[in-house]
Amino acid sequence: MRPPKARTWSRRGHTPIVTVSGKGSGRVNLAGLICVKPGQRTRLLFRIRIYRRRKHERKGFGENDYARLLDAAHQQLGGPIVLIWDNVNIHVDALMRSLIDARPWLTVFHLPAYAPELNPVEMAWSHLKRSLGNLAPCTLDDLAQVIRSRLKRMQYRPDLLNAFLAHTNLIINPRST
């Protein structure tokens, strides 16, 4: 995540300037799922990865990281998963396809090429970024802790998660068997 831009206040005639220390010192990456299961509350599952610009350190999430997130979702939800995924390069490469094929409980559908308005997780990230507007953390660990606490708060607001889903205008209607 990059530092969010937001409005702030200052004395009349003085432009407020908030400097971000350690520009380029690292980043906080997020991966998440909004899970819907009939008869249960909507859930947000997420993982945070901190990149500190160390030698041979991976910048973002890898295929195995996504596979572990999906395994955790499967364990928590306790059933087969239908995953609707965007077309990020790592989601469609050969290694990820083999990891998906190795999980018989997982069915994957891909969204169109660029359709953030159809992805409810994008709404969650947008909501998170708006809440970080005037935050000036000193370290990456401080930023990660604030992000983690804000996402935890979102987890306990299924009405908010349902609003993210409703905003996509996708029809979530499980077939009755």
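Above this text sits the structure in question.
Conventions and cut-offs
Throughout this document, residue positions are counted from 1 along each chain, in the order its sequence is written. pLDDT decides what is reported in this predicted model: residues at 70 or higher carry local features, side-chain atom pairs at 80 or more are listed and counted, and totals for whole chains, interfaces and linings draw on all residues regardless. Note that the side-chain values use all heavy atoms of the structure and ignore hydrogens as well as water. By definition, no residue in a patch forms a salt bridge, and every one has over 30% relative accessible area; like charges are joined within 9 Å, nonpolar side chains (Val, Leu, Ile, Met, Phe, Trp, Tyr) within 5 Å. Method for areas: the Shrake-Rupley scheme with a 1.4 Å probe, in which residue coverage is limited to the protein chains shown. Here, a salt bridge means any Lys or Arg side-chain nitrogen found within 4 Å of an Asp or Glu carboxyl oxygen. Under the scheme used here, helices are H or I runs from DSSP no shorter than 4 residues and strands are E runs no shorter than 2 residues, and both carry numbers assigned from the N terminus. Partly exposed describes any residue whose relative accessible area lies between the buried limit of under 20% and the exposed limit of over 50%, with all areas from a 1.4 Å probe on protein chains only and scaled to the type maximum. Each polar contact in these results corresponds to two N or O atoms within 3.5 Å; when the atoms are within protein, one needs to be able to donate a hydrogen and the other to accept it, and residues that are neighboring in sequence are counted only if both atoms are side-chain atoms. Contacts are assigned to residue pairs that have any heavy atoms within 4.5 Å of one another. Residues belong to one nonpolar core when they are buried, are Ala, Val, Leu, Ile, Met, Phe, Trp, Tyr or Cys, and are joined through side-chain atoms within 4.5 Å.

Draft legend 1. Spotlight on a nonpolar patch on the surface. Taken together, the side chains of Val-82, Ile-84 and Phe-109 define a hydrophobic patch exposed on the protein surface, amounting to about 310 Å² of accessible area. Tracing the chain through its elements places Val-82 in strand β3 (residues 81-85). You can call Val-82 exposed: its relative accessible area is 57%.

Draft legend 2. View of the side chain of Asp-65. Mapped onto the fold, Asp-65 is located in helix α1 (residues 63-77). Classification of Asp-65 as buried rests on a relative accessible area of 13%. At 3.2 Å, the side chain of Asp-65 forms a polar contact with the side chain of Arg-49. Within polar-contact distance, the side chain of Asp-65 engages the backbone nitrogen of Gly-62 at 2.9 Å. With sequence-adjacent residues up to four places away left out, Asp-65 is seen in contact with Arg-49 and Gly-60.

Draft legend 3. Up close: the nonpolar core. Counting 23 residues, the largest nonpolar core has Ile-34, Trp-125, Leu-128, Ile-147, Leu-151, Met-154 and Phe-164 as its most contacted members. Broken down by secondary-structure element, the contributors of at least two residues to this core are β1 (27-35), β2 (43-51), α4 (120-131), α5 (140-155) and α6 (158-167). Looking at this core, the element that brings in the most residues is α5, giving 7 residues. One finds Ala-31, Leu-70, Leu-77 and Leu-106 within the second-largest nonpolar core, a separate group that totals 20 residues.

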